[in-house]
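# Residue-level structure breakdown
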Amino acid sequence: MKISLKPLSQQTIVITGATSGIGLATAQAAAKRGANLVLAARNEEVLAKTVRELEESGVRALYVVTDVGKREDVERLAQSAIEHFGGFDTWVNNAGQGLWGRLEEVTDEDHRRLFDINFWGVVYGSTTALRHLKKQGGALINLGSVASDFAFPIQGMYSTTKHAIKGFTDALRRELNDERAPVSVTLIQPAAIGTPFALHAKNYTENEANLPQPIYAPEDVARTILLAAEQPRRALHIGGAGKLMGIFSRLTPGLVDTTSSFMIKSQLKPEPKRHRQDSLWQAGQDGQVRGDQSFIRRSGYTAAIVNPLASLLVVGAVGVGIGLAVWNKLKD
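To keep things clear, this report deals only with the structure shown in the data block.

Cut-offs used in this document
Residues numbered from 1 in each chain as written. Predicted model: local features only at pLDDT ≥ 70, side-chain atom pairs only at ≥ 80, totals over all residues. Heavy atoms only, no water. Helix = DSSP H or I, 4+ residues; strand = E, 2+ residues; numbered from the N terminus. Rg over C-alpha atoms; globule rule 2.2 N^0.38 Å. Contact = heavy atoms within 4.5 Å. Areas by Shrake-Rupley, 256 points an atom, 1.4 Å probe, with all protein chains shown as cover. Lys, Arg positive; Asp, Glu negative; His and termini not counted. Charge placed at Lys NZ, Arg CZ, Asp CG, Glu CD. Buried < 20%, exposed > 50% of the residue type's maximum accessible area, 1.4 Å probe, protein only. Phe/Tyr/Trp six-rings, centres within 6.5 Å; stacked < 30°, edge-to-face > 60°.

It is worth spelling out the overall build of the protein chain at this point. Check the secondary structure of the protein chain and you find twelve helices and eleven strands. For 332 residues, the compact-globule formula gives about 20 Å, and the C-alpha radius of gyration of the protein chain, at 21 Å, lands near that figure. Counting only C-alpha atoms, the protein chain reaches 75 × 50 × 45 Å along its principal axes. A sequence separation of at least 24 residues applies to 76% of the contacts in the protein chain between residues at least 6 apart. Accessible area of the protein chain: about 15,800 Å², with a carbon and sulfur share of 55%. Between the averaged position of the 38 positive side-chain charges in the protein chain and that of its 33 negative side-chain charges there is a distance of 7 Å.

Set out below in structure tokens:
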């Protein structure tokens, strides 16, 4: 069955993890495009504030306090969207949590809780959303990571959850293809993104958690998510560095293994960690799109994906410029 997705201005979009980082950036970008929004997270205070601000700008929005690790919460989220807006067109499984610590040091309870949020949250969101999307069509968008292809030491179980999300999403997409269901299924794979992710993570190490450069803008991820909401895409990477890491991990795994010490050091700051409340078991201190990173860049690779025609025009213009320079030099 042909998959046909509506323009964003005609859509209702459900976003989990909507009070911080990528989720909040996506909500803000979708609002500017005229979409109705259903926002989900654990922090009711920030959810209410976000919806209030969106409504003041003329956007129709609803919030539902949701712990994505609980299926009953996710089902209540879907039902609220149906009752309030008559349904939804795109469902974004964005909620996620970080955890820094060696695999042997982290407790079983924390490992399981991480899986509840990162993996089971995607499973519950996907299977719940599909009951509605398979009837009317639409887009299901799951947030994986560069860690879906590349396993990071001291973020081992986080990487494992993201590998699991990729496997689940691929299998689900193939089952829907077999059913000829009118649903686009997209895996989004960001590299390091300049959000409060590291600040919210639970940290077993003695040092402040760090995201190694290059660090890309959360707005780049939001643009890519909204592209997938309008145009069926299988998988989309954010940041050329993340794409390259996946290629190296696949083609030269042994060589990548030898860089373990460097990878660990790059994920830790020199200073001792500050004791703060993480958001593994409770809602975090949300409300910010960006974290405390000193340098956040925009991704040219992602810009080329989102707007390939513009990228071709730029490349063409550069080529013409070089050609003219060479021609003038030859004439001299």
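Now that the structure is up, let's keep going.
Another point: unusual backbone geometry. Residue Pro214 follows Gln213 across a cis peptide bond; omega there is 0 degrees. The topology assignment puts Pro214 in the loop between strand S9 (207-209) and helix H7 (218-230). At Ile154, a residue that is not glycine, the phi angle is positive and equals roughly 65 degrees. As for its position among the elements, Ile154 is in the loop between strand S6 (138-143) and helix H5 (156-179). Residue classification places Ile154 among the buried residues on the basis of a relative accessible area of 7%. Of note, the phi angle at Arg180 is positive, near 55 degrees, even though the residue is not glycine. Here Arg180 is to be found in the loop between H5 and strand S7 (183-190).

So, on to the environment of Phe150. For Phe150, the location among the structural elements is in the loop between S6 and H5. Note on Phe150: relative accessible area 6%, which makes it buried. Note: C-alpha distance between Phe150 and Phe248 (98 residues apart in sequence) is 8.8 Å. With near-sequence residues (within four places) excluded, Phe150 lies in contact with Ser159, His163, Met245, Ser249, Val256 and Met263.

Quick look at the side chain of His111 now. Here His111 is to be found in helix H4 (residues 108-136). Here His111 falls in the buried class, since its relative accessible area comes to 10%.

This part takes up the packing of aromatic side chains. Between two aromatic rings, the relevant description is the distance of the centres plus the angle of the planes. Tallied over the full model, the rule gives eight aromatic pairs. On the basis of an interplanar angle of 35 degrees and a centroid distance of 5.7 Å, the ring pair of Trp120 and Tyr124 is categorised as tilted. Of this pair, Trp120 and Tyr124 both sit in helix H4, four residues apart, which is roughly one turn of the helix. Given a relative accessible area of 16%, Tyr124 falls into the buried group.

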